[in-house]
Amino acid sequence: MTPPHQPPTPQQQTPPAPAQNQAPPQPQQPPRPTAPAIPPANYPVDTPTITAYMPEAIESYPQESAPKQDNGYLSDPSAEYESNAPVSEPKPVGGRRRADVQQDAPSQVGNDQSASHRAARRAQAMASAAASSAIGGSAAPVENKPSGGSGPGDGTKKPRRYRVHHLRDMKNRGEKWAMLTAYDQYTAEIFDQSGIPVLLVGDSAANNVFGYETTLRVTVDELIPLARAVAGAVERALVVADLPFGSYQASPEQAFHTAVRFMKEAGVHAVKLEGGRNMVPMVEKLTQSGIPVMAHIGFTPQSEHSIGGYRVQGRGDQAAGLIDDAVALAEAGAFSVVLEMVPGDVAAEITKRVSIPTIGIGAGRDTDAQVLVWQDMAGLRSGTMPRFVKQYADLRGILTTAATTYAADVASGTFPTDEHTF
Ligand code: KIV
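Source: prediction; values computed, not measured.

Moving on, we get to the packing of aromatic side chains. Per the stated rule, a full pass over the model turns up four aromatic pairs. Ring plane angle 45 degrees and centroid distance 4.4 Å describe the contact between F299 and Y310, whose orientation is recorded as tilted. You can see F299 sitting in the loop between β7 (293-298) and α11 (304-307) and its partner Y310 sitting in the loop between α11 and α12 (318-332), a full 11 residues away along the chain. What makes Y310 buried here is its relative accessible area of 2%. Sitting over the face of the ring of F256, K285 holds its NZ or CZ atom 5.2 Å from the ring centroid.

Shown next as structure tokens:
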């Protein structure tokens, strides 16, 4: 064995001749430059404006029956829906595009054998998914099946692929649904298989992936690879990408070019942008070009500095303006609207006024849908959570235990054993 930090011997520098029909070894890559230090993730959740948030009584607005809008999305149940049964066996998480680790596979596989090898890899990935679920607490093997989760309620048919008109249909039927952020292949697959109808590749990747202090710094070039991973990993969910700060506000044309990049380079199905009536020209340009747009009003993190911090929006006198924003964006063609940190009764009023789905985050229980950042929902992030977050798991605790146990096993020689040795 070569001791560490010693130059390789000439014999080691000569690559071994490739075996017949085996791929030659790849040339060694030069070492990667060390990434510059980045500031710690710091979603400013514990600012006084959030902790002091108290829903207040606000003016009530006359309830008009929502005008039926037809923005051209046809509902064709026969083509798009399926019965409650899963379409097919769920694919194993990560199994479709992951380079599988060679076990004791022969060096070459004939074409006639490739199907059975694919099936074997699939079964293996299913088994490892079940095993990792067992590590999380249950000793019994866990079936890697979609739960059905959020989506059309029990007994109704689920779309094979969620389209914007399905979300409208769900609003009309009074069915609530959940949206989550996703920024990578595995979470996208898990959430898709859990029945989450819409996944958002949010610019919150700034805080939750890249470790920036605010969403303002994340760029189109940084978000596109994440969006591509998510869009490539789902079978059923509608994938929406956030247009980051500075990539759409200058003009409808700028918005169009940025949105086209996300559609072509990442394969997302829709885009999201922040802003009220000032965004109507951008929403019109995109929707008229065939790009579905999710709007985002209330607290809009990209305007954090002009808003003056993380503050509830739409209280008191501001409520009427917020309602006008939602109505204008719906009329411009937006297929849904996120309401962030909006008093519950204002969100309820907007939800009645517009025919498109409203998606709340810190906007109470009366919106048509809810969204959370997945790391908040699953307890991966540390620190104080915003009041609107409910934590459904303790992934940080689970990963900490896994990593410390692994390190202890390596230190004590408990891992690897013969079982893990070729
Ligand atoms: O970027 C994001 O994650 C969002 C949601 C929280 C709505 O905009």
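Before going further, it helps to examine the nonpolar core. Among soluble globular proteins, nonpolar side chains are generally buried collectively. Residues L199, F262, L273 and L286 are the most contacted members of the largest nonpolar core, which totals 68 residues. The contact partners of L286, leaving out residues within four places of it in the chain, are L243, A255, F256, A259, V271, L273, I291 and V293.

Before going further, it helps to examine the site of the ligand. Contacts to the ligand come from T181, L200, G202, D203, S204, D242, K272, H296, V338, I361, V371 and V373. A distance of 3.0 Å separates an oxygen atom of the ligand from a polar side-chain atom of D203. With respect to the ligand, the side chain of D242 contributes an N or O atom lying 3.0 Å from an oxygen atom. For the ligand, the protein covers 96% of the area, taking 260 Å² as the surface of the free molecule. Among the detected pockets, the ligand sits in the largest cavity. The class makeup of the residues in the shell around the ligand is five nonpolar, four polar and three charged.

So, about the pattern of salt bridges. In total, this model carries nine salt bridges according to the counting rule given. Across the pair R381 and D376 runs a salt bridge, and its minimum N-O distance is 2.7 Å. Linked through salt bridges whose partners overlap, the residues forming this network are D221, R261 and E265.

Analysis parameters
- Residues numbered from 1 in each chain as written.
- Predicted model: local features only at pLDDT ≥ 70, side-chain atom pairs only at ≥ 80, totals over all residues.
- Heavy atoms only, no water.
- Phe/Tyr/Trp six-rings, centres within 6.5 Å; stacked < 30°, edge-to-face > 60°.
- Helix = DSSP H or I, 4+ residues; strand = E, 2+ residues; numbered from the N terminus.
- Buried < 20%, exposed > 50% of the residue type's maximum accessible area, 1.4 Å probe, protein only.
- Lys NZ or Arg CZ within 6 Å of the ring centre and 35° of its normal.
- Core = buried A, V, L, I, M, F, W, Y, C linked by side-chain atoms within 4.5 Å.
- Contact = heavy atoms within 4.5 Å.
- Near = heavy atom within 4 Å.
- Polar contact = N/O pair within 3.5 Å; in protein donor to acceptor, adjacent residues only side chain to side chain.
- Areas by Shrake-Rupley, 256 points an atom, 1.4 Å probe, with all protein chains shown as cover.
- 1 Å grid on protein atoms, 1.4 Å probe; cavity = no way out; pocket = protein on both sides within 12 Å on 5 of 7 lines; lining within 4 Å.
- Sits in = over half its atoms within 2 Å of the grid points.
- Nonpolar A, V, L, I, M, F, W, Y, C, P; charged D, E, K, R; others polar.
- Salt bridge = Lys/Arg side-chain N within 4 Å of Asp/Glu carboxyl O.

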